[in-house]
Amino acid sequence: MALPKFILSPLMADKYLHLRVALQVRDKICGGIPRNPNIIEGWIKSVISDEHRIQKIVDSTKRAMGVDNLTEEQIIEEVKKSAWNSFKFDEQGLYIEGRQCGALLKENASVLRETLDMSALKARVAERIFVNEDRIYLGKKEPDGTIQGVVHAMTSQGPIAALKKVDYVERPLLEFTVTCLNERFMTKSEDPEKIKAGEKGTAGRKRIGCKDILLALLHHGRDLGLGADRSQGYGKFDIVKFEEYIPE
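Since we're looking at a predicted model, the values are computed, not measured.

## Quick notes on a nonpolar patch on the surface
Point 1. On the surface, a nonpolar cluster with roughly 290 Å² of combined accessible area is contributed by L11, M12 and Y16.
Point 2. Judged by its relative accessible area of 66%, L11 falls in the exposed class.

## Concerning helix α7 (residues 210-221)
Point 1. For α7, spanning twelve residues, the distance from its first C-alpha to its last is 16 Å, which sits close to the expected 16 Å at 1.5 Å a residue.
Point 2. Regarding α7, the residues found buried are C210, I213, L214, L217, L218 and G221. Along the long axis of α7, the arc covered by the buried residues comes to 130°, so they all point the same way.

## Focus on helix α5 (residues 121-128)
Point 1. Every buried residue of α5 is accounted for by L121, R124, V125 and R128. Seen from one end, α5 has its buried residues packed into an arc of 100°, which puts them on one side.
Point 2. Lining the buried residues of α5 we find α4 (98-112), β7 (129-131), β11 (173-181), β12 (184-190) and α7.

## Considerations on the packing of aromatic side chains
Point 1. One pass over the full model with this rule turns up one aromatic pair.
Point 2. Pairing Y95 with Y137 gives two aromatic rings, centres 5.7 Å apart and planes at 70°, and the pair type is edge-to-face. In this pair, Y95 sits in strand β6 (residues 93-97) while Y137 sits in strand β8 (residues 135-137), placing the two residues 42 residues apart along the sequence.
Point 3. Classification of Y95 as buried rests on a relative accessible area of 4%.
Point 4. The ring of Y245 carries the charged tip of R20 above its face, separated from the ring centre by 4.2 Å.
Point 5. Between K165 and the ring centre of W84, over which it is positioned, the NZ or CZ distance is 4.7 Å.

## As for the pattern of salt bridges
Point 1. Across all of its chains, the model carries 14 salt bridges by this definition.
Point 2. Here R113 ties to E114 by a salt bridge, and the two come within 2.7 Å at their closest N and O atoms.
Point 3. A residue is classified by how much of its surface remains accessible, and R113, at 35% relative accessible area, is partly exposed.
Point 4. Taking the relative accessible area as the measure of exposure, E114 reaches 48% and is therefore partly exposed.
Point 5. As a salt-bridge pair, K140 and D144 come within 2.8 Å of each other at their nearest N and O atoms.
Point 6. By relative accessible area, which is 32% here, D144 ends up partly exposed.
Point 7. Bridged by salt links that share partners, the residues R26, D223 and D238 form one connected network.

## Here we look at the sheet that holds β6
The pairing of strands in a sheet comes from backbone hydrogen bonds and takes either a parallel or an antiparallel form.
Point 1. One open sheet holds the three strands; their spatial order is β5-β6-β8, and the pairing between them is antiparallel. The open sheet has two free edges, formed respectively by β5 (88-90) and β8, since each of these has just one partner strand. Between one strand axis and the next, the sheet turns by 50° as a mean value, whatever way the strands run.

## Details of unusual backbone geometry
Point 1. Phi angles above zero are rare outside glycine, and D117 is one such case at about 60°.
Point 2. Residue placement: D117 occurs in the loop between α4 and α5.
Point 3. Despite not being glycine, A120 has its phi angle at roughly 50°, a positive value.
Point 4. Within the secondary structure, A120 is located in the loop between α4 and α5.
Point 5. A relative accessible area of 44% means that A120 is categorised as partly exposed.

Conventions and cut-offs
Residues numbered from 1 in each chain as written. Predicted model: local features only at pLDDT ≥ 70, side-chain atom pairs only at ≥ 80, totals over all residues. Heavy atoms only, no water. Patch = residues over 30% accessible without salt bridge, like charges linked within 9 Å, V, L, I, M, F, W, Y side chains within 5 Å. Areas by Shrake-Rupley, 256 points an atom, 1.4 Å probe, with all protein chains shown as cover. Salt bridge = Lys/Arg side-chain N within 4 Å of Asp/Glu carboxyl O. Buried < 20%, exposed > 50% of the residue type's maximum accessible area, 1.4 Å probe, protein only. Helix = DSSP H or I, 4+ residues; strand = E, 2+ residues; numbered from the N terminus. Expected span 1.5 Å × (residues − 1). Arc of directions from axis to C-beta. Contact = heavy atoms within 4.5 Å. Phe/Tyr/Trp six-rings, centres within 6.5 Å; stacked < 30°, edge-to-face > 60°. Lys NZ or Arg CZ within 6 Å of the ring centre and 35° of its normal. Pairing = 2+ DSSP bridges. Axes fitted to C-alpha atoms, helices over the stretch in contact; angles between N-to-C directions.

This is the structure:
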């Protein structure tokens, strides 16, 4: 049976900008997915309350981590890795999820709201700027190595120390595409130069294009980084490609 054609609005045909982005990780990017199947379930339950959604995500995450059909002995071995974080992978190799780049943009929009003089910038970015790829590949089939250390934490039972392992990939190039609603973001304050020229109200505010907003968010995000263990300085990147393209 032939697949149906997509239905698109002619009114929106030229209302978007399409950009190719490439981010060069400076050192290492770390995985944040627990390797133990039971920890995967507990980790997901800590952030999601819908039981039906929990089971669906647990099952899909176990498959993506390659731990869907373990023997009892293999499960016992995996339990020994309970503090071992890694990456999701498929037949093309290790990857991070596109939503992580989307989260990076929203996080930086929250930080830059006052700097860019824009109200509700995080919500506006979330509704207007979209990372297209679900999976952004790291160019490797296996991690380059593992960082091992001791984590100290305070619990209800008192302080604990646990061994933590984190898989990493060295200097991956993260390539993805972004679609932006091609409109201008308006500042809250009026432009002093326009006030001098006699313009007031909305006409006196600065208008900044979505492409410039996106570049500003990535610029600030360079030193915040992507992936896990960012507080340890991992995942920082440089912007090596930022260009418009016309999708086929």
